[in-house]
Amino acid sequence: MAALSGNGMTVIEAPIGDQPIAIAPTPTAAFLGRGTAGPVNTPVVVDSVTAFDRTFGGEWSGNTLAEQVRLFFQHGGQRAIIVRLCNAARCGELTLPADGADLRLTIRHPGSAERVRASVDYDGVADDKHFNLTLQRVDALARHILDQEIYANLSIDADSSVWFGHALVDSALVRLTAQPALTVRPQATRSQSAHGGVAYQPMSQLGDDGAALTDYDFVGSERTHAGLFALDLAPDFDALYACADAGDSMPGPTFVAAAAQYCASRNAMLLVDPPLADDAESVVDWRRGGALDSEHVMTYFPRLRRRDDPALPACSAAGALMGLLLRHDAQHHVFTALADSPHQNAALLHRDWLPSATLTTDDALTLLRVGVTPLVVGERRRLVFPALVTAANRRERRQGSLPDQRLKKFVLRQIERGTRWAVFRDRDQTLWAQVAEQVSTFMGSLAERGAFAEGPARGWSVRCDAETNAGVDGVRLLIGFRTINGESPIMFAITQHSDGTTACRTAFAYPELS
(Lines give C-alpha, C1' and ligand atoms only; values in the text may rest on other atoms or scores of the structure.)
Protein backbone atom coordinates (compact mmCIF):
# COMPACT_ATOMS: atom_id res chain seq x y z
CA MET A 1 0.00 0.00 0.00
CA ALA A 2 1.25 3.50 -0.83
CA ALA A 3 0.48 6.42 1.45
CA LEU A 4 1.00 10.03 0.31
CA SER A 5 2.55 12.19 2.99
CA GLY A 6 2.02 15.91 3.42
CA ASN A 7 5.32 16.85 1.79
CA GLY A 8 4.51 14.98 -1.42
CA MET A 9 6.71 11.96 -0.76
CA THR A 10 5.25 8.54 -1.44
CA VAL A 11 5.87 5.97 1.29
CA ILE A 12 5.63 2.28 0.44
CA GLU A 13 4.52 -0.09 3.17
CA ALA A 14 6.06 -3.55 2.78
CA PRO A 15 6.43 -6.64 5.00
CA ILE A 16 9.67 -6.85 6.99
CA GLY A 17 11.61 -9.94 6.02
CA ASP A 18 10.24 -13.30 5.03
CA GLN A 19 7.25 -13.23 7.39
CA PRO A 20 4.46 -15.79 6.89
CA ILE A 21 2.00 -14.75 4.19
CA ALA A 22 -1.45 -14.21 5.67
CA ILE A 23 -4.03 -16.77 4.55
CA ALA A 24 -7.02 -15.04 6.16
CA PRO A 25 -6.81 -11.23 5.92
CA THR A 26 -9.95 -9.20 6.67
CA PRO A 27 -12.13 -9.19 3.53
CA THR A 28 -12.65 -5.60 2.38
CA ALA A 29 -14.99 -3.87 -0.05
CA ALA A 30 -14.36 -0.50 -1.72
CA PHE A 31 -17.08 2.01 -2.61
CA LEU A 32 -16.96 5.17 -4.74
CA GLY A 33 -19.76 7.74 -4.63
CA ARG A 34 -21.10 11.10 -3.51
CA GLY A 35 -21.73 12.09 0.09
CA THR A 36 -22.81 15.22 1.91
CA ALA A 37 -19.74 15.47 4.16
CA GLY A 38 -16.23 14.16 4.61
CA PRO A 39 -12.93 14.25 2.73
CA VAL A 40 -12.96 14.07 -1.08
CA ASN A 41 -10.73 11.71 -3.11
CA THR A 42 -9.35 10.30 0.12
CA PRO A 43 -9.83 6.62 1.01
CA VAL A 44 -11.34 6.20 4.48
CA VAL A 45 -11.71 2.78 6.15
CA VAL A 46 -14.95 2.25 8.07
CA ASP A 47 -16.14 -0.77 10.05
CA SER A 48 -19.80 0.12 10.60
CA VAL A 49 -22.71 2.22 9.38
CA THR A 50 -22.17 4.50 12.37
CA ALA A 51 -18.57 5.15 11.33
CA PHE A 52 -19.73 5.90 7.78
CA ASP A 53 -22.43 8.32 8.94
CA ARG A 54 -20.02 10.10 11.25
CA THR A 55 -17.62 10.87 8.42
CA PHE A 56 -19.78 11.13 5.30
CA GLY A 57 -23.10 12.50 6.53
CA GLY A 58 -25.42 9.50 6.37
CA GLU A 59 -28.29 8.79 4.01
CA TRP A 60 -28.99 11.20 1.19
CA SER A 61 -31.39 11.12 -1.73
CA GLY A 62 -28.81 12.42 -4.20
CA ASN A 63 -26.64 9.29 -4.39
CA THR A 64 -26.83 5.60 -3.53
CA LEU A 65 -23.53 5.44 -1.60
CA ALA A 66 -25.07 5.46 1.90
CA GLU A 67 -27.74 2.92 0.86
CA GLN A 68 -25.17 0.49 -0.54
CA VAL A 69 -22.88 0.81 2.48
CA ARG A 70 -25.89 -0.03 4.68
CA LEU A 71 -26.69 -3.06 2.56
CA PHE A 72 -23.08 -4.17 2.83
CA PHE A 73 -23.02 -4.10 6.63
CA GLN A 74 -26.57 -5.47 6.89
CA HIS A 75 -25.41 -8.57 5.03
CA GLY A 76 -22.31 -9.29 7.07
CA GLY A 77 -19.61 -7.03 5.65
CA GLN A 78 -16.89 -6.18 8.17
CA ARG A 79 -14.71 -3.52 6.56
CA ALA A 80 -15.21 -1.01 3.75
CA ILE A 81 -13.04 1.61 2.08
CA ILE A 82 -15.01 4.72 1.14
CA VAL A 83 -13.85 7.23 -1.49
CA ARG A 84 -16.13 10.24 -1.61
CA LEU A 85 -16.33 11.91 -5.02
CA CYS A 86 -17.87 15.23 -5.99
CA ASN A 87 -18.47 17.46 -8.99
CA ALA A 88 -18.10 21.16 -8.22
CA ALA A 89 -19.25 20.81 -4.60
CA ARG A 90 -18.67 23.94 -2.51
CA CYS A 91 -17.21 24.40 0.96
CA GLY A 92 -19.05 26.40 3.60
CA GLU A 93 -17.66 29.43 5.42
CA LEU A 94 -17.29 30.53 9.03
CA THR A 95 -16.89 34.22 9.93
CA LEU A 96 -15.58 35.40 13.30
CA PRO A 97 -16.43 39.07 13.84
CA ALA A 98 -13.58 41.46 14.63
CA ASP A 99 -13.45 45.25 14.63
CA GLY A 100 -12.08 46.42 11.30
CA ALA A 101 -11.73 43.07 9.51
CA ASP A 102 -13.44 39.76 10.27
CA LEU A 103 -11.56 36.48 10.52
CA ARG A 104 -12.94 34.35 7.68
CA LEU A 105 -12.45 30.60 7.62
CA THR A 106 -13.35 28.08 4.91
CA ILE A 107 -14.62 24.67 5.97
CA ARG A 108 -12.07 22.04 5.01
CA HIS A 109 -14.44 19.66 3.19
CA PRO A 110 -17.36 20.56 0.90
CA GLY A 111 -20.93 19.43 1.42
CA SER A 112 -24.31 20.39 2.80
CA ALA A 113 -23.86 18.29 5.96
CA GLU A 114 -20.49 19.75 6.94
CA ARG A 115 -21.24 21.81 10.04
CA VAL A 116 -18.42 23.53 11.90
CA ARG A 117 -18.97 26.06 14.68
CA ALA A 118 -16.49 28.18 16.61
CA SER A 119 -16.09 29.75 20.01
CA VAL A 120 -13.69 32.56 20.90
CA ASP A 121 -12.72 33.52 24.46
CA TYR A 122 -9.93 35.40 26.23
CA ASP A 123 -9.50 33.19 29.30
CA GLY A 124 -5.89 33.26 30.49
CA VAL A 125 -4.44 34.95 27.37
CA ALA A 126 -1.37 37.17 27.55
CA ASP A 127 -2.81 40.45 26.21
CA ASP A 128 -5.33 41.96 23.80
CA LYS A 129 -3.43 40.56 20.79
CA HIS A 130 -4.17 36.98 21.84
CA PHE A 131 -7.28 34.77 21.96
CA ASN A 132 -8.42 31.16 22.39
CA LEU A 133 -10.28 29.38 19.60
CA THR A 134 -12.38 26.21 19.78
CA LEU A 135 -13.65 24.55 16.59
CA GLN A 136 -16.27 21.80 16.63
CA ARG A 137 -17.58 19.67 13.81
CA VAL A 138 -21.14 18.69 14.69
CA ASP A 139 -23.82 16.40 13.33
CA ALA A 140 -26.04 18.41 10.98
CA LEU A 141 -29.26 17.11 12.58
CA ALA A 142 -28.60 15.99 16.13
CA ARG A 143 -25.84 18.53 16.83
CA HIS A 144 -23.67 15.89 18.47
CA ILE A 145 -20.01 16.84 18.55
CA LEU A 146 -18.12 14.70 16.03
CA ASP A 147 -14.66 16.31 16.15
CA GLN A 148 -13.10 19.15 18.13
CA GLU A 149 -9.93 21.24 17.91
CA ILE A 150 -8.76 23.64 20.64
CA TYR A 151 -6.17 26.38 20.00
CA ALA A 152 -5.00 28.25 23.09
CA ASN A 153 -3.34 31.67 23.22
CA LEU A 154 -3.28 32.40 19.48
CA SER A 155 -1.84 35.70 18.32
CA ILE A 156 -2.97 38.08 15.56
CA ASP A 157 0.69 39.09 15.04
CA ALA A 158 1.96 37.37 11.86
CA ASP A 159 5.51 37.47 13.23
CA SER A 160 4.56 35.59 16.38
CA SER A 161 5.34 31.89 16.80
CA VAL A 162 1.69 31.38 17.82
CA TRP A 163 0.15 33.33 14.93
CA PHE A 164 -3.30 31.88 14.19
CA GLY A 165 -2.41 31.49 10.50
CA HIS A 166 0.39 29.06 11.34
CA ALA A 167 -1.76 27.14 13.82
CA LEU A 168 -4.68 26.61 11.41
CA VAL A 169 -2.49 25.14 8.64
CA ASP A 170 -2.80 21.74 10.31
CA SER A 171 -6.52 22.02 11.09
CA ALA A 172 -8.63 19.13 9.83
CA LEU A 173 -11.77 21.27 10.08
CA VAL A 174 -11.03 24.64 8.48
CA ARG A 175 -8.52 26.53 6.38
CA LEU A 176 -7.74 30.22 6.42
CA THR A 177 -9.45 32.25 3.72
CA ALA A 178 -7.19 34.80 2.01
CA GLN A 179 -7.78 38.15 3.70
CA PRO A 180 -6.06 41.29 5.03
CA ALA A 181 -4.03 40.97 8.22
CA LEU A 182 -6.01 41.34 11.44
CA THR A 183 -5.25 44.38 13.60
CA VAL A 184 -7.79 43.49 16.28
CA ARG A 185 -8.44 40.03 17.69
CA PRO A 186 -11.83 38.38 16.99
CA GLN A 187 -14.63 39.25 19.36
CA ALA A 188 -15.37 36.85 22.19
CA THR A 189 -18.40 34.71 21.44
CA ARG A 190 -21.24 35.74 23.74
CA SER A 191 -23.99 33.42 24.88
CA GLN A 192 -27.53 34.50 24.03
CA SER A 193 -28.91 32.34 26.83
CA ALA A 194 -29.94 33.83 30.16
CA HIS A 195 -28.13 30.91 31.81
CA GLY A 196 -24.83 31.76 30.17
CA GLY A 197 -22.52 28.88 29.22
CA VAL A 198 -20.25 28.43 26.23
CA ALA A 199 -21.44 30.18 23.07
CA TYR A 200 -20.69 29.21 19.49
CA GLN A 201 -20.59 31.11 16.22
CA PRO A 202 -22.51 29.21 13.50
CA MET A 203 -21.40 29.02 9.87
CA SER A 204 -21.99 32.17 7.84
CA GLN A 205 -22.57 30.17 4.66
CA LEU A 206 -23.36 26.48 4.22
CA GLY A 207 -21.62 24.29 1.68
CA ASP A 208 -23.36 22.40 -1.10
CA ASP A 209 -23.05 18.97 -2.74
CA GLY A 210 -22.40 20.03 -6.33
CA ALA A 211 -23.68 18.44 -9.51
CA ALA A 212 -24.21 14.83 -10.56
CA LEU A 213 -21.09 12.76 -11.12
CA THR A 214 -19.78 12.13 -14.62
CA ASP A 215 -17.61 9.27 -15.83
CA TYR A 216 -14.67 11.68 -15.62
CA ASP A 217 -15.34 12.22 -11.91
CA PHE A 218 -15.49 8.46 -11.33
CA VAL A 219 -12.30 7.75 -13.29
CA GLY A 220 -10.40 10.72 -11.89
CA SER A 221 -6.65 11.10 -12.31
CA GLU A 222 -3.79 8.73 -11.63
CA ARG A 223 -1.38 11.67 -11.28
CA THR A 224 -3.38 13.39 -8.52
CA HIS A 225 -4.84 10.21 -6.96
CA ALA A 226 -8.38 11.37 -7.67
CA GLY A 227 -11.51 9.35 -8.41
CA LEU A 228 -10.83 5.66 -8.94
CA PHE A 229 -7.10 6.26 -8.46
CA ALA A 230 -7.60 7.51 -4.91
CA LEU A 231 -7.58 3.78 -4.14
CA ASP A 232 -3.85 3.79 -4.93
CA LEU A 233 -3.50 5.13 -1.39
CA ALA A 234 -5.81 2.50 0.13
CA PRO A 235 -5.20 -0.95 1.61
CA ASP A 236 -5.92 -4.05 -0.46
CA PHE A 237 -9.57 -4.70 -1.24
CA ASP A 238 -11.49 -7.66 -2.64
CA ALA A 239 -14.34 -6.00 -4.52
CA LEU A 240 -15.21 -2.53 -5.85
CA TYR A 241 -18.55 -0.88 -6.53
CA ALA A 242 -19.21 2.62 -7.88
CA CYS A 243 -22.46 4.11 -6.56
CA ALA A 244 -24.56 5.89 -9.14
CA ASP A 245 -26.46 9.09 -8.53
CA ALA A 246 -30.12 8.57 -7.66
CA GLY A 247 -32.11 7.67 -10.76
CA ASP A 248 -29.08 6.53 -12.79
CA SER A 249 -28.68 2.85 -13.59
CA MET A 250 -24.88 2.79 -13.24
CA PRO A 251 -21.73 4.71 -14.22
CA GLY A 252 -21.04 4.77 -17.95
CA PRO A 253 -18.87 2.50 -20.10
CA THR A 254 -15.83 4.78 -19.88
CA PHE A 255 -15.65 4.25 -16.16
CA VAL A 256 -16.51 0.54 -16.30
CA ALA A 257 -13.65 -0.14 -18.74
CA ALA A 258 -11.17 1.83 -16.64
CA ALA A 259 -12.39 0.26 -13.37
CA ALA A 260 -12.17 -3.30 -14.74
CA GLN A 261 -8.57 -2.66 -15.78
CA TYR A 262 -7.80 -1.09 -12.41
CA CYS A 263 -9.35 -4.03 -10.54
CA ALA A 264 -7.20 -6.39 -12.61
CA SER A 265 -4.11 -4.50 -11.42
CA ARG A 266 -5.29 -4.70 -7.79
CA ASN A 267 -6.44 -8.34 -8.01
CA ALA A 268 -10.01 -7.38 -7.11
CA MET A 269 -13.46 -7.85 -8.66
CA LEU A 270 -15.64 -5.04 -10.02
CA LEU A 271 -19.37 -5.32 -9.37
CA VAL A 272 -21.56 -3.77 -12.06
CA ASP A 273 -25.33 -3.42 -11.94
CA PRO A 274 -27.57 -4.82 -14.67
CA PRO A 275 -29.79 -2.46 -16.67
CA LEU A 276 -32.98 -1.21 -15.06
CA ALA A 277 -35.11 -4.08 -16.37
CA ASP A 278 -37.94 -6.26 -15.08
CA ASP A 279 -37.17 -9.39 -17.09
CA ALA A 280 -34.20 -11.67 -17.61
CA GLU A 281 -34.51 -11.49 -21.39
CA SER A 282 -33.54 -7.80 -21.41
CA VAL A 283 -30.43 -8.52 -19.36
CA VAL A 284 -29.48 -11.43 -21.64
CA ASP A 285 -29.78 -9.13 -24.68
CA TRP A 286 -27.61 -6.56 -22.91
CA ARG A 287 -24.89 -9.15 -22.29
CA ARG A 288 -25.07 -10.62 -25.76
CA GLY A 289 -24.46 -7.13 -27.05
CA GLY A 290 -20.93 -7.42 -25.66
CA ALA A 291 -21.47 -5.40 -22.49
CA LEU A 292 -18.83 -5.86 -19.78
CA ASP A 293 -16.96 -8.83 -21.26
CA SER A 294 -14.30 -9.20 -18.58
CA GLU A 295 -13.13 -11.86 -16.16
CA HIS A 296 -12.62 -9.05 -13.63
CA VAL A 297 -16.32 -8.06 -13.60
CA MET A 298 -19.31 -9.63 -11.87
CA THR A 299 -22.90 -8.70 -12.66
CA TYR A 300 -26.22 -10.16 -11.54
CA PHE A 301 -30.00 -10.07 -11.93
CA PRO A 302 -32.45 -9.03 -10.54
CA ARG A 303 -32.04 -5.98 -8.34
CA LEU A 304 -33.64 -5.59 -4.91
CA ARG A 305 -36.82 -3.93 -3.71
CA ARG A 306 -38.04 -3.05 -0.25
CA ARG A 307 -40.35 -5.61 1.27
CA ASP A 308 -42.43 -2.97 3.08
CA ASP A 309 -42.84 -0.67 0.04
CA PRO A 310 -42.59 -2.58 -3.24
CA ALA A 311 -43.78 0.49 -5.16
CA LEU A 312 -40.38 2.15 -4.62
CA PRO A 313 -37.90 1.81 -7.50
CA ALA A 314 -35.64 -1.24 -7.39
CA CYS A 315 -32.15 -0.61 -6.08
CA SER A 316 -28.76 -2.15 -6.66
CA ALA A 317 -28.00 -5.47 -4.94
CA ALA A 318 -24.24 -4.87 -5.13
CA GLY A 319 -23.79 -3.87 -1.48
CA ALA A 320 -25.74 -6.92 -0.30
CA LEU A 321 -23.79 -9.28 -2.59
CA MET A 322 -20.47 -7.87 -1.44
CA GLY A 323 -21.52 -8.26 2.19
CA LEU A 324 -22.63 -11.87 1.68
CA LEU A 325 -19.51 -12.85 -0.27
CA LEU A 326 -17.04 -11.21 2.09
CA ARG A 327 -18.78 -12.50 5.21
CA HIS A 328 -18.49 -15.98 3.72
CA ASP A 329 -14.78 -15.34 3.04
CA ALA A 330 -14.23 -14.38 6.67
CA GLN A 331 -16.08 -17.42 8.03
CA HIS A 332 -14.84 -20.00 5.53
CA HIS A 333 -12.55 -18.80 2.74
CA VAL A 334 -12.53 -17.25 -0.69
CA PHE A 335 -12.07 -20.64 -2.36
CA THR A 336 -15.25 -22.14 -0.86
CA ALA A 337 -18.13 -21.34 -3.18
CA LEU A 338 -21.03 -19.51 -1.57
CA ALA A 339 -23.27 -21.33 -4.04
CA ASP A 340 -22.29 -24.69 -2.54
CA SER A 341 -22.28 -23.64 1.11
CA PRO A 342 -24.03 -26.05 3.48
CA HIS A 343 -24.57 -23.26 6.00
CA GLN A 344 -28.22 -22.25 6.09
CA ASN A 345 -27.54 -18.58 6.78
CA ALA A 346 -24.63 -18.23 4.36
CA ALA A 347 -26.72 -16.25 1.85
CA LEU A 348 -29.59 -15.06 3.99
CA LEU A 349 -31.15 -11.93 2.54
CA HIS A 350 -31.98 -9.28 5.13
CA ARG A 351 -35.66 -9.24 6.04
CA ASP A 352 -36.14 -5.71 4.60
CA TRP A 353 -35.34 -6.79 1.06
CA LEU A 354 -36.62 -9.03 -1.75
CA PRO A 355 -35.44 -9.57 -5.34
CA SER A 356 -37.33 -7.27 -7.70
CA ALA A 357 -38.18 -10.14 -10.08
CA THR A 358 -38.83 -13.87 -9.80
CA LEU A 359 -36.66 -16.11 -11.96
CA THR A 360 -37.58 -19.48 -13.43
CA THR A 361 -35.04 -22.28 -13.71
CA ASP A 362 -34.71 -21.58 -17.43
CA ASP A 363 -34.12 -17.87 -16.71
CA ALA A 364 -31.33 -18.73 -14.28
CA LEU A 365 -29.60 -21.11 -16.68
CA THR A 366 -29.80 -18.62 -19.54
CA LEU A 367 -28.34 -15.87 -17.38
CA LEU A 368 -25.48 -18.10 -16.31
CA ARG A 369 -24.63 -18.90 -19.93
CA VAL A 370 -24.07 -15.20 -20.64
CA GLY A 371 -22.06 -14.50 -17.49
CA VAL A 372 -24.79 -13.13 -15.19
CA THR A 373 -25.22 -14.47 -11.65
CA PRO A 374 -28.94 -15.11 -11.01
CA LEU A 375 -30.41 -14.20 -7.63
CA VAL A 376 -33.07 -16.73 -6.66
CA VAL A 377 -34.79 -16.74 -3.27
CA GLY A 378 -35.48 -20.10 -1.67
CA GLU A 379 -36.96 -20.92 1.70
CA ARG A 380 -36.71 -18.50 4.62
CA ARG A 381 -35.26 -15.63 2.52
CA ARG A 382 -32.18 -17.65 1.62
CA LEU A 383 -30.59 -16.67 -1.67
CA VAL A 384 -29.94 -19.75 -3.78
CA PHE A 385 -27.05 -19.38 -6.23
CA PRO A 386 -27.10 -22.02 -8.98
CA ALA A 387 -23.54 -20.76 -9.59
CA LEU A 388 -21.44 -17.63 -9.22
CA VAL A 389 -19.93 -16.44 -12.48
CA THR A 390 -17.83 -13.62 -13.89
CA ALA A 391 -18.69 -11.62 -16.99
CA ALA A 392 -15.93 -13.24 -19.05
CA ASN A 393 -17.00 -13.68 -22.66
CA ARG A 394 -17.91 -17.09 -24.02
CA ARG A 395 -14.46 -17.64 -25.57
CA GLU A 396 -12.98 -17.26 -22.07
CA ARG A 397 -15.55 -19.37 -20.21
CA ARG A 398 -12.71 -21.17 -18.42
CA GLN A 399 -12.35 -17.87 -16.53
CA GLY A 400 -16.06 -17.71 -15.84
CA SER A 401 -16.14 -19.29 -12.36
CA LEU A 402 -16.26 -16.51 -9.77
CA PRO A 403 -14.81 -18.65 -6.91
CA ASP A 404 -11.91 -19.73 -9.16
CA GLN A 405 -11.29 -16.17 -10.31
CA ARG A 406 -11.37 -14.82 -6.76
CA LEU A 407 -9.02 -17.56 -5.55
CA LYS A 408 -6.56 -16.63 -8.30
CA LYS A 409 -6.74 -12.96 -7.32
CA PHE A 410 -6.36 -13.77 -3.63
CA VAL A 411 -3.27 -15.92 -4.21
CA LEU A 412 -1.62 -13.33 -6.45
CA ARG A 413 -2.43 -10.43 -4.13
CA GLN A 414 -1.08 -12.16 -1.03
CA ILE A 415 2.08 -13.40 -2.72
CA GLU A 416 2.78 -10.05 -4.37
CA ARG A 417 2.48 -8.26 -1.02
CA GLY A 418 4.10 -10.98 1.07
CA THR A 419 7.27 -11.26 -1.04
CA ARG A 420 7.84 -7.52 -1.49
CA TRP A 421 10.67 -7.68 1.05
CA ALA A 422 12.81 -9.73 -1.35
CA VAL A 423 13.56 -6.80 -3.66
CA PHE A 424 15.61 -5.17 -0.88
CA ARG A 425 17.92 -8.18 -0.40
CA ASP A 426 20.99 -9.49 -2.24
CA ARG A 427 19.90 -11.67 -5.14
CA ASP A 428 21.47 -15.06 -4.66
CA GLN A 429 20.64 -18.70 -4.04
CA THR A 430 19.92 -18.04 -0.36
CA LEU A 431 17.33 -15.37 -1.20
CA TRP A 432 15.63 -17.51 -3.86
CA ALA A 433 15.40 -20.43 -1.45
CA GLN A 434 13.86 -18.18 1.23
CA VAL A 435 11.24 -16.87 -1.22
CA ALA A 436 10.41 -20.39 -2.42
CA GLU A 437 10.04 -21.64 1.15
CA GLN A 438 7.87 -18.67 2.20
CA VAL A 439 5.49 -19.05 -0.75
CA SER A 440 5.46 -22.86 -0.49
CA THR A 441 4.39 -22.61 3.15
CA PHE A 442 1.56 -20.28 2.11
CA MET A 443 0.40 -22.53 -0.73
CA GLY A 444 0.68 -25.62 1.46
CA SER A 445 -1.51 -23.99 4.12
CA LEU A 446 -4.17 -23.22 1.52
CA ALA A 447 -3.96 -26.78 0.18
CA GLU A 448 -4.53 -28.18 3.69
CA ARG A 449 -7.75 -26.15 3.81
CA GLY A 450 -8.95 -27.56 0.50
CA ALA A 451 -8.15 -24.61 -1.79
CA PHE A 452 -6.74 -26.66 -4.65
CA ALA A 453 -7.92 -29.63 -6.67
CA GLU A 454 -7.10 -33.06 -5.28
CA GLY A 455 -5.73 -35.82 -7.42
CA PRO A 456 -2.77 -38.12 -7.98
CA ALA A 457 -0.51 -35.05 -8.35
CA ARG A 458 -0.09 -32.20 -5.92
CA GLY A 459 -2.44 -29.32 -6.69
CA TRP A 460 0.15 -26.53 -6.58
CA SER A 461 3.77 -25.72 -7.41
CA VAL A 462 6.31 -22.98 -6.60
CA ARG A 463 9.70 -22.26 -8.16
CA CYS A 464 12.22 -19.54 -7.38
CA ASP A 465 15.81 -20.37 -8.33
CA ALA A 466 18.70 -19.43 -10.60
CA GLU A 467 16.81 -20.62 -13.69
CA THR A 468 13.65 -18.59 -13.04
CA ASN A 469 15.77 -15.51 -12.24
CA ALA A 470 18.19 -15.70 -15.16
CA GLY A 471 18.49 -12.22 -16.69
CA VAL A 472 15.81 -10.81 -14.39
CA ASP A 473 16.19 -7.31 -12.94
CA GLY A 474 14.52 -8.20 -9.66
CA VAL A 475 13.23 -11.40 -8.08
CA ARG A 476 10.98 -13.73 -10.07
CA LEU A 477 9.04 -16.76 -8.90
CA LEU A 478 6.73 -19.06 -10.81
CA ILE A 479 3.56 -20.42 -9.27
CA GLY A 480 0.95 -22.83 -10.52
CA PHE A 481 -2.17 -24.37 -9.03
CA ARG A 482 -5.35 -26.20 -9.96
CA THR A 483 -8.62 -24.80 -8.71
CA ILE A 484 -11.32 -27.15 -7.49
CA ASN A 485 -13.50 -26.52 -10.54
CA GLY A 486 -10.81 -25.77 -13.14
CA GLU A 487 -9.60 -28.20 -15.76
CA SER A 488 -6.24 -26.58 -16.58
CA PRO A 489 -3.66 -25.34 -14.07
CA ILE A 490 -3.36 -21.59 -13.51
CA MET A 491 0.26 -20.52 -13.98
CA PHE A 492 1.82 -17.12 -13.25
CA ALA A 493 5.22 -15.46 -13.14
CA ILE A 494 5.48 -12.86 -10.35
CA THR A 495 8.39 -10.43 -10.49
CA GLN A 496 9.35 -8.01 -7.73
CA HIS A 497 11.10 -4.92 -9.13
CA SER A 498 12.50 -1.95 -7.26
CA ASP A 499 9.62 0.15 -8.62
CA GLY A 500 6.77 -2.31 -8.14
CA THR A 501 5.42 -5.78 -8.85
CA THR A 502 4.29 -7.44 -12.08
CA ALA A 503 2.38 -10.67 -12.54
CA CYS A 504 1.65 -12.31 -15.87
CA ARG A 505 0.44 -15.65 -17.13
CA THR A 506 3.11 -18.09 -18.19
CA ALA A 507 3.21 -21.31 -20.17
CA PHE A 508 5.96 -22.76 -17.98
CA ALA A 509 5.56 -26.51 -17.52
CA TYR A 510 4.88 -27.76 -13.99
CA PRO A 511 5.52 -31.52 -13.77
CA GLU A 512 3.88 -31.50 -10.33
CA LEU A 513 0.57 -30.44 -11.89
CA SER A 514 0.54 -32.76 -14.85
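Please refer to the structure placed before this passage.
This text gives an overview of the structure that appears in the document. Since the model is a prediction, treat every value here as computed from it, not as a measurement.

The rules behind the values
Residues numbered from 1 in each chain as written. Predicted model: local features only at pLDDT ≥ 70, side-chain atom pairs only at ≥ 80, totals over all residues. Heavy atoms only, no water. Pairing = 2+ DSSP bridges. Helix = DSSP H or I, 4+ residues; strand = E, 2+ residues; numbered from the N terminus. Axes fitted to C-alpha atoms, helices over the stretch in contact; angles between N-to-C directions. Contact = heavy atoms within 4.5 Å. Phe/Tyr/Trp six-rings, centres within 6.5 Å; stacked < 30°, edge-to-face > 60°. Buried < 20%, exposed > 50% of the residue type's maximum accessible area, 1.4 Å probe, protein only. Core = buried A, V, L, I, M, F, W, Y, C linked by side-chain atoms within 4.5 Å.

So, about the sheet that holds strand E23 (residues 490-497). Neighbouring strands of a sheet are bound in pairs by backbone hydrogen bonds; such pairs are parallel or else antiparallel. As summarised here, the arrangement of the four strands in space is E21-E22-E23-E24, forming an open sheet in which the pairing is antiparallel. On the outer flanks of this sheet lie strand E21 (460-463) and strand E24 (500-505), each paired with one strand and no other. With direction set aside, neighbouring strand axes in the sheet form an average angle of 15°. Set on the sheet, helix H9 (residues 402-418) makes contact with strand E22 (475-481), E23 and E24; between it and E23 the angle comes to about 25°.

Across all of its chains, the model carries nine aromatic pairs by this definition. Arranged with centres 5.7 Å apart and planes meeting at 70°, the rings of phenylalanine 31 and phenylalanine 72 form a pair that is edge-to-face. Of this pair, phenylalanine 31 sits in strand E3 (residues 29-34) while phenylalanine 72 sits in helix H2 (residues 65-74), placing them 41 residues apart in sequence. With a centroid separation of 5.1 Å and an interplanar angle of 70°, the aromatic rings of phenylalanine 72 and phenylalanine 73 are classed as edge-to-face.

The next thing to look at is unusual backbone geometry. That bond from phenylalanine 301 to proline 302 is cis: its omega, 0°, falls within 30 degrees of zero. On the secondary structure map, proline 302 appears in the loop between strand E15 (300-301) and strand E16 (304-306). If you check the backbone angles, alanine 88 has positive phi at about 65° while not being a glycine. When you line up the elements, alanine 88 lands in the loop between strand E5 (80-85) and strand E6 (93-96). Given the relative accessible area of 65%, alanine 88 is considered exposed. A positive phi angle, near 55°, is found at asparagine 153, a position not held by glycine. Asparagine 153 sits in the partly exposed class, given a relative accessible area of 28%.

A word on the pairing of E24. In terms of strand pairing, E23 meets E24 through six bridges, oriented antiparallel. Residue pairing in the sheet places phenylalanine 492 in a bridge with arginine 505 of E24.

What follows concerns the nonpolar core. Membership of the largest hydrophobic core comes to 40 residues, with the highest contact counts inside it found for Leu32, Leu231, Leu240, Phe255 and Leu270. If you list the elements that add at least two residues to this core, you get E3, E5, helix H4 (215-219), strand E12 (239-242), helix H5 (253-265) and helix H6 (280-288). Here this core takes six residues from H5, the largest share from any one element. Leaving out residues up to four positions away in the same chain, leucine 32 has contacts with Leu65, Val83, Leu85, Phe218, Gly227, Leu228, Leu231, Leu240, Tyr241, Ala242, Cys243 and Phe255.

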